[in-house]
Amino acid sequence: MFPRNPVDAFATAGLIGKLLQFSVILLWFASLRRSGLCLDLAAISLPQWLAFLLLACYGQSLNVGIFQWLAFLLLACYGQSLNVGIFQAIGHDGVYYGFKLGKVIPWVNGWPFDSVSHPQYVGSVLTVWGLVALVWGQAPAAALGIMAGFWTLVYVVTAVQEQYL
């Protein structure tokens, strides 16, 4: 299942982790909707799945205000621009800890490293908070805050570990 190249294996493990992470959050969010959560996959058509993914649960629209959309777009777009920038700057091997797995990674001083420290983590955190802004009011605020706060803390700890250890 995992590639032999250690960087590719780490990238695969990271992808699996993100899929699980987002799947759990999506299922939790869907369970809060009035229509509930249907786990009978045979009873769900492809258009219903697409509506679920796009509109949070079988075509029910989200009650999202213009300021929520603006916050989402600003945070998520800047966050993802940092993530794209990091891939362009240091490549696949650099993003997936190749420097700790025997790969030579070029030192980069330009974009996105010249805008923020740890652009990969900052970009991810901004995207998380952009998504929180988008769904604010659709789920319990305390739960959203705890999830996003925990996610932020994990990235901060990772950045500190990478910087100092």
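Residues numbered from 1 in each chain as written. Predicted model: local features only at pLDDT ≥ 70, side-chain atom pairs only at ≥ 80, totals over all residues. Heavy atoms only, no water.

1. Describing the packing of helix 1 (residues 6-32) against helix 5 (residues 141-164)
For step 1, the next point in the chain: Two elements in contact, helix 1 and helix 5, have axes separated by 12 Å at closest approach and are oriented at 170°. What the angle tells us is that helix 1 and helix 5 run roughly antiparallel. Mapping the contact onto sequence places K18, Q21, F22, I25 and W28 in helix 1 and A143, L144, M147, W151 and Y155 in helix 5.
For step 2, the next point in the chain: By residue class, the composition of the contact of helix 1 with helix 5 is eight nonpolar, one polar and one charged. (Axes fitted to C-alpha atoms, helices over the stretch in contact; angles between N-to-C directions. Helix = DSSP H or I, 4+ residues; strand = E, 2+ residues; numbered from the N terminus. Parallel < 35°, antiparallel > 145°, perpendicular 65-115°, else oblique. Contact = heavy atoms within 4.5 Å. Nonpolar A, V, L, I, M, F, W, Y, C, P; charged D, E, K, R; others polar.)

2. Side note on the nonpolar core
For step 1, the next point in the chain: Residues Y121, L144 and Y155 are the most contacted members of the largest nonpolar core, which totals 13 residues.
For step 2, the next point in the chain: Elements with a minimum of two residues in this core: helix 4 (119-135) and helix 5.
For step 3, the next point in the chain: Once residues within four sequence positions are removed from consideration, Y121 is found in contact with Y97, Y155, T158, A159 and E162. (Core = buried A, V, L, I, M, F, W, Y, C linked by side-chain atoms within 4.5 Å. Buried < 20%, exposed > 50% of the residue type's maximum accessible area, 1.4 Å probe, protein only.)

3. Considering helix 4
For step 1, the next point in the chain: Under the 1.5 Å per step criterion, the end-to-end length of helix 4 is 24 Å for 17 residues, consistent within 8% with the ideal 24 Å.
For step 2, the next point in the chain: Judged by how many residues are buried, helix 4 sits mostly within the fold: 12 of 17 residues are covered.
For step 3, the next point in the chain: Those residues of helix 4 lying buried are P119, Y121, G123, S124, V125, T127, V128, G130, V132, A133, L134 and V135.
For step 4, the next point in the chain: Where the residues of helix 4 are buried, they touch helix 1, helix 3 (66-95) and helix 5.
For step 5, the next point in the chain: Of the residues flanking the end of helix 4, it is G137, one or two places downstream, whose phi is positive at about 95°. (Expected span 1.5 Å × (residues − 1).)

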